[in-house]
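# Coordinate analysis (summary)
So the chains spell out like this:
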Amino acid sequence: MSDLSSWVEKNAAFTPSKTAIRFEGEDIDYARFAETIRGHARALKGVHGVRPGDRVAFLGYNSPAMLALFFACARLGAMFAPLNWRLVAPELAYILADSAPSVLVADADHLDLAREAAADRRAVVLPADGIARDAETARGDDSNPGVARETPCLLVYTSGTTGHPKGAVLAQEAIQVNAHHCIHYAGLTDADRVLTVLPIFHVGGLNILTSPAFYVGGTVILHRRFDAAATLRAIQDDRPTQLVLVPATIQAVIDLPGWADADLSSLRLLTTGSSIVPLHLIDAIHARGIPVCQTYGLTETAPVAIYQKPGDCRLKPRSTGKCGLHCEMAIADDDGNPLPDGESGEILIRGGNVLLEYWNDEEETRRAIRDGWFHTGDVGYRDSDGDVFVDDRKKDIVISGGENVYPAEIEQLVHRMDDVEDVAVVGRADSRWGEVPVAVVVPAAGAAIEAADFLARFDGRLARFKHPKDVLFVDALPRNAMGKTLKHELRETVNRG
């Protein structure tokens, strides 16, 4: 297998003048993108001494320069380490101390933050345009012929929903397998135009359709950051064929006044995932004639491991699909023993898309990868057709009186209530039952919900042991960059109260 930069290099040979990236009104063709990658590789290697295995970090919004750095690192056998620009300096300093990059590149909006976070580090802090200037003067080789499929190329830190974030090390092969999975479920071809509005510092933003688009020779319409109104305008003006949104961003787009009348005719598929998707959001997209394919995976699986295909997504909208073409999946009990269809257990993934290791954390690596299987920490079941249904995160399950209560089941029901904008269910310690479920609810604008009325709504709709025993009304739920609710913060809140 050639290094990942060969995707762009070879597509530049086939279609040099085709647009690879559209960004803020500018079209960058494949020939120019390939030359930019080569230049960035020359600058990293010749000017800054980056060698195979070194880490190159990036802090900033989505940009062509960020994508060029990713492929340049792959070309050199180095590891690209994208950083979450929503973090504050001490959080970034922890990641920099752990990953020890030799170079930290930052865009103009985040250069001061990068310098603050790296104040005690030896990393060279460079503005993004500095790499471009170095590329103009750098001489010498711009590649590393020793790059192999098992060469680490991406170091992505998990969202840190509990404790410190962990760095997942993904090999070049993992990114290649992920691309094959995207092609298989989405029918991705060189005719596709992928609209990327999610942050590409996250493996989902980078690898669900964005990087695979360069493998097939398609076009990426790249936004600096998510904006609901800009997303809807881009669908109408730039005519993308594919779009990836998470539930929180789907909600933001369909809440726009122009949603009902917007011309969505170019879209042949919307991909979603990242968390369990409320059915009312799927219904809203399906009502506009657009198939909604769910994918399942984690940072540690590159991420696509389980997915729906467009022809199946309307049949089982609660399912996240079948195991991917190039990996294996098992449902297992707490001892790792496989469970029969219909029985819930932990979802395990094995294949070339699974992380090599957690950076600098042998103990966590051994805990997560056993006998070649990655233990996801998610609980679900497989039906007789092979379709997978995710119940919840293993750590989010509420065990009340010896019964498993899946918060997602309660949340799906609450999401269908007209006077509720958002909801999360977490466990609260209870002297009698061990734990009880508590609903944290964001009322819809102008709605006044009485606690007693809300708690009574579950009568006859859920088994009594699944009923929330209390409700907390808040203005907003805490979320990470990909829209996942930070349930550990909510657990702390409800257990304090």
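Predicted model only: the values in this text are computed from it and were never measured.

## Examining the packing of helix α11 (residues 247-254) against helix α12 (residues 279-286)
Axis separation between α11 and α12 bottoms out at 10 Å; the angle between their running directions is 50 degrees. Between α11 and α12, the crossing angle belongs to the class labelled oblique. The hand of the α11/α12 crossing is left-handed. Of α12, the residues touching α11 (which contributes P247, I250, Q251 and I254) are H280, L281, A284 and I285.

## Focus on the sheet that holds strand β25 (residues 434-443)
Taken in spatial order, the 3 strands line up as β24-β25-β26 in an open sheet, and their pairing is mixed. Strands with a single pairing partner mark the edges of an open sheet, and in this sheet they are β24 (420-430) and β26 (470-473). Adjacent strand axes in the sheet meet at a mean angle of 25 degrees when their direction is disregarded. The pairing of β24 with β25 spans 10 bridges and is classified as antiparallel. By the bridge assignment for β25, R428 is matched with V436. Seen against the sheet, helix α16 (residues 487-496) touches β24, β25 and β26 and runs at an angle of roughly 60 degrees to β24.

## Structural notes on the pattern of salt bridges
Scanning all chains against the criterion turns up 31 salt bridges. In this structure, R75 engages D142 in a salt bridge whose closest nitrogen and oxygen atoms are separated by 3.3 Å. With R75 in helix α3 (residues 64-76) and D142 in the loop between α6 (128-137) and β7 (152-157), this pair connects stretches of sequence that are 67 residues apart. The buried category is assigned to D142, whose relative accessible area is 13%. The partner of K487 in a salt bridge is E411, and the shortest N-O contact between them spans 2.8 Å. With K487 in helix α16 and E411 in helix α14 (residues 407-415), this pair connects stretches of sequence that are 76 residues apart. Like E411, K487 is buried.

## Side note on α12
One turn of the α-helix equals 3.6 residues, which is why residues spaced by three or four share an orientation. When you tally the buried positions in α12, you get 6 out of 8 residues, the bulk of the element. Residues of α12 that are buried include every one of L279, L281, I282, A284, I285 and H286, and no others. Buried residues in α12 make contact with α11, β12 (269-272), β13 (292-297) and α14.

## Quick notes on the sheet that holds β13
If you walk across this open sheet you meet the 9 strands as β2-β1-β10-β9-β11-β12-β13-β14-β15, and the pairing is mixed. What marks the edges here is a single partner per strand, and that holds for β2 (26-29) and β15 (322-323). Packing against the sheet, helix α2 (residues 30-47) makes contact with β1 (19-23) and β2, and its axis sits at approximately 75 degrees to β2. Of the strands in this sheet, β1, β2 and β10 (219-222) are in contact with α3, which crosses β1 at around 140 degrees.

## Re unusual backbone geometry
Apart from glycine, the bulk of residues carry a negative phi angle, and the bulk of peptide bonds sit in the trans form. Of the consecutive residues A302 and P303, the connecting peptide bond is found in the cis state with omega at 0 degrees. Structurally, the position occupied by P303 is in the loop between β13 and β14 (304-307). Mapping A302 onto the fold places it in the loop between β13 and β14.

Parameters at a glance
- Residues numbered from 1 in each chain as written.
- Predicted model: local features only at pLDDT ≥ 70, side-chain atom pairs only at ≥ 80, totals over all residues.
- Heavy atoms only, no water.
- Axes fitted to C-alpha atoms, helices over the stretch in contact; angles between N-to-C directions.
- Helix = DSSP H or I, 4+ residues; strand = E, 2+ residues; numbered from the N terminus.
- Parallel < 35°, antiparallel > 145°, perpendicular 65-115°, else oblique.
- Left-handed = near helix turned anticlockwise from the far one by under 90°.
- Contact = heavy atoms within 4.5 Å.
- Pairing = 2+ DSSP bridges.
- Salt bridge = Lys/Arg side-chain N within 4 Å of Asp/Glu carboxyl O.
- Buried < 20%, exposed > 50% of the residue type's maximum accessible area, 1.4 Å probe, protein only.

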